[in-house]
Structure formats: C-alpha cells, structure tokens
Amino acid sequence: MRETPTTPACLYQPGILDAPPPVARYLWFQLTGREVDAAAIKEALTRVTPLVDGSDVVLGLGPSLVQALGAEIPGLHEFPDLSAHGVKVPSTPGTLWAWLRGSDLGDLLHVTRKVQKALAPAFAPRHVVDAFRHAWNDSHGKDLTGFEDGTENPEGEAAEEAAFAHGLGEGLDGASYVAVQQWVHDIDAFEAVEDQARDHIIGRRLSDNEELDDAPESAHVKRTAQESFDPEAFVLRRSMPWMADMQAGLMFVAFGKSFYAFEAQMRRMAGYEDGILDALFGISKPVNGSYFWCPPMRDGRLDLRRLGLGTS
C-alpha cells in the first residue's frame, strides 16, 4: 500500500496513480432530461458508486453536474477555449466521465453496460473512445508517432503531490482534477517530415528518446518543460493511443491537484506567452477538451459527501 505524508493511499482513486492498462475505454455521459432533476441524479450516482472501485473504473464529474447538485468544489470550472494564433484548442464541456481500465476490450464492454444501466435514465452515453498501450516497455508506452509518451512524468511521492489535492479538508483531500483532450494525429504529415525535423517537433531523438540540446523553441518538450514555469507546472499524464476507423491519435489525460499546471502548459503551447506555437500542432490537433473532478475514496468507496451523498 502506498503512503504519503499528505495524501494517504486510501483517499484517492488508485487507478490514477497506476500505470496505464493494456486497454482502456473512455466514456462521456450527458444528462437526458431538459430540466435538471437533482433527485434522479443522486439516485443514479448512488447506483453507480458500487461499480466505481477507483482502480478498474475511475470516475470524474463535470462542473455543470456539481452545480446541478447545488454543490461547490474549490477550483472546479469548465475547460477554457484556448484557441489562439491560428490553432484550435476547443472547449467541449462534459457532464460525467469514466475511465475504464483492463486487459480485454470484451470485458470493458460488459463493464460499460453495467455503468450505463446504473446511470440510466438520468444519464446517457455521449461519446466513447477505445484506447490501448502501444510498444510498451518497463517504464513507458509510445505514442503512435513512435515517441515515448510521459517521459517526464513525476514518480512516487512527487506523482502523488502533483496529482492529488491536499490541505482542502475532508471530502476534498485525495481528489484529482483531470483535463481530458482527444488529439487526432496527421500521421501522413508526420511521416513526410525528414528525420531531423521530425525530432525537432518533439525535441527528442526518436531513436533513443534523448532530449536535444539544439531543439528549437517550438519543440514540444521546451514548450511543456514542467519545471520552467513559475510556479512549476507538474501533472501526472495517463495518456493512451486510440484509433477508430482510419483515424487515430492520443487521448491526452492529465491529473493534477488543480487545473493550474495543465492550463499553464496548454497556454504556452498555444503561444499565449511569446507567440511561438508548439510544433506538435503541425502533426496533431485537439478536437475536444473537458475538465472533471475525480472524487476521493473513503473506506474503499467514492467519497461523495461534498455532493450531498453519503454520511458526513
């Protein structure tokens, strides 16, 4: 069992800290009624809670859902539209989000059905993305471009410090604020780039993942160097490749103790600081973006006290 001075392991959804699974399914749900029915929402959340162990199923609630329940979570707000300098960084607010983790997509289908039935009729599925690990090794997986993903992820206590809220009080400590973006890769464009220019897009050599000292300021690793922000902007990335029909890309998922670190990195990528765009936009683009609050755990179950559910 993991222990940390600030956030005991029993307080967070453990799947957030665990390495990405062999396969995963991302589910977005929306409310079905034209008018908000807080009682029906609470009943649905009460039914789904036993299915959410925080390990095989990680759950996040959107700002509008928290508001519909008459609750307030410090620092929770909608994903901002960060489009700038000719690139789109869209905001697509979400209501309820689930990350299903496993080793077999067939099993995840059955879990999906259980979650869907528990949430009905108050909620209905809006979007589903299936993802997978690619070229996995002992420490990291690879993006579909072949580059390692998550090289600079914090580890151990540093990961817990970056990913989970602490010092906010009962029902809040151990929670995580997650940013979710689906990126679509232009793999043809990437493959058409010469080797050195390709490495300069990321700022690392594809062959050995070594960071390049001579990479341009537009290189992705320079745009997002977490220690270069003030204050430092560390997130715990749990991104995974996805594909559907002939499209493919990366489900970018970043957990944090707040949304500060993600927004600081995304604003710099979009050129807000100095007008320099992240070179990544030349081969990939985000098509959605949403924020969710992942509640903490209490006695092995979701702690929803801050939403008016469960005992105090």
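None of the values given here were measured: they were computed from a predicted structure. Numbering of residues starts from 1 in every chain and runs along the sequence as written. Given that this is a predicted model, residues contribute local features only at a pLDDT of at least 70 and side-chain atom pairs are listed and counted only at 80 or more, while totals for whole chains, interfaces and linings are drawn from all residues. As a rule here, side-chain values come from all non-hydrogen atoms in the structure, and water together with hydrogens is ignored.

### Looking at the packing of aromatic side chains
A pair of Phe, Tyr and Trp rings is counted when the ring centres sit within 6.5 Å of each other, with Trp represented by its six-membered ring. The angle between the planes then sorts it: under 30 degrees is stacked, over 60 is edge-to-face, the rest tilted. Evaluated as defined, the whole model comprises 14 aromatic pairs. Ring geometry for Tyr177 and Phe259: centres 5.3 Å apart, planes at 80°, overall edge-to-face. Here the residue Tyr177 occupies a position in strand β7 (residues 176-185), and Phe259 occupies one in the loop between β10 (247-256) and α8 (260-269), the gap between them amounting to 82 residues. Considered together, Tyr177 and Phe259 belong to a single accessibility category, that of buried residues. Both rings, one in Trp183 and one in Phe281, keep their centres 5.6 Å apart while their planes meet at 35°; by these two values the pair is tilted. Here the residue Trp183 occupies a position in strand β7, and Phe281 occupies one in the loop between α8 and β11 (284-286), the gap between them amounting to 98 residues. Like Trp183, the residue Phe281 is buried in the burial classification. Through pairs of rings, three or more aromatic residues link up here, namely Phe79, Tyr177, Phe252, Phe259, Phe262 and Tyr291. Criterion for a charge above a ring: Lys NZ or Arg CZ within 6 Å of the ring centre, and within 35 degrees of the ring normal. Lying across the ring of Trp99, Arg101 places its NZ or CZ 4.8 Å from the centre. The ring centre of Tyr272 lies 4.2 Å from the NZ or CZ of Arg267, which sits over that ring. Each helix is a run of DSSP H or I of at least 4 residues and each strand a run of E of at least 2, with the numbering of both proceeding from the N terminus. A simple rule labels every residue: compare its accessible area, found with a 1.4 Å probe on the protein chains alone, to the largest value its type can have, and call it buried under 20%, exposed over 50%, or partly exposed in between.

### Description of the layout of surface pockets
The way it works is a 1 Å grid over only the protein atoms, where trapped points that fit a 1.4 Å probe form a cavity and open points with protein on both sides within 12 Å along at least five of seven lines form a pocket, and then any residue with an atom within 4 Å of a point lines it. Grid points are joined across faces, edges and corners, and a volume is the space filled by probe spheres set on the points. The space that makes up the largest pocket amounts to roughly 650 Å³. Around the largest pocket sit 32 residues that line it, and Asp149, Gly150, His220, Thr224 and Arg237 are the ones nearest its centre. Taken together, the elements giving at least two residues each to the lining of the largest pocket come down to β6 (148-149), β7, α7 (220-223), β10 and α8. In terms of residues, the lining of the largest pocket owes the most to one element, α8, which gives four residues. Under the convention adopted here, Pro, Cys and the residues Ala, Val, Leu, Ile, Met, Phe, Trp and Tyr are nonpolar, Asp, Glu, Lys and Arg are charged, and Gly plus all remaining residues are polar. Counted by class, the lining of the largest pocket contains 12 nonpolar, 12 polar and eight charged residues.

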